[in-house]
Amino acid sequence: MKIEIRLFATLASYAHHGDLDSDGCLSIEGPATIRDAVLHLGVPEQDIKLVFLNGVGASLDSSLKDKDRVGIFPPIGGG
């Protein structure tokens, strides 16, 4: 299956490891979870704070299907 993954802020560097195509999509064998995709990209789980699946809050254990959109954010500090 092919899923769109967006890695934000400090996690963006993991998008450049060659596993995502030019459209930001990852091809992964199903059935799979967001955790499987994160592991495939090498993103450390402890660096993840928020996960969205098709625009809705989700967990790393959420199941994926073809053409899903995933957004992953680290903890973000501010003032």
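The structure under discussion appears in the preceding block.
What counts and what doesn't
- Residues numbered from 1 in each chain as written.
- Predicted model: local features only at pLDDT ≥ 70, side-chain atom pairs only at ≥ 80, totals over all residues.
- Heavy atoms only, no water.
- Pairing = 2+ DSSP bridges.
- Helix = DSSP H or I, 4+ residues; strand = E, 2+ residues; numbered from the N terminus.
- Contact = heavy atoms within 4.5 Å.
- Axes fitted to C-alpha atoms, helices over the stretch in contact; angles between N-to-C directions.
- Buried < 20%, exposed > 50% of the residue type's maximum accessible area, 1.4 Å probe, protein only.
- Arc of directions from axis to C-beta.

1. A short note on the sheet that holds strand β7 (residues 69-73)
Read across the sheet, five strands follow the order β2-β1-β7-β4-β5 without closing on themselves; strand pairing throughout is mixed. Among the strands making up the open sheet, the edge pair consists of β2 (25-27) and β5 (56-57). Examined bridge by bridge, strand β1 (residues 2-7) and β7 share four bridges and lie parallel to one another. Its bridge partner being in β7, Glu 4 is matched across the sheet by Arg 69. Lying over the sheet, helix α1 (residues 34-41) contacts β1, β2, β4 (50-53) and β7, oriented at roughly 65° with respect to β1.

2. So, α1
If you check which residues of α1 are buried, you get Ile 34, Ala 37, Val 38 and Leu 41. Within α1, the buried residues cover an arc of 100° as seen down the axis, which keeps them to one side. Against β1, β2, β3 (32-33), β4, β6 (63-64) and β7 lie the buried residues of α1. With its phi angle positive at about 80°, Gly 42 sits one or two positions after the end of α1.

None of the figures reported here should be taken as evidence of function without further support.
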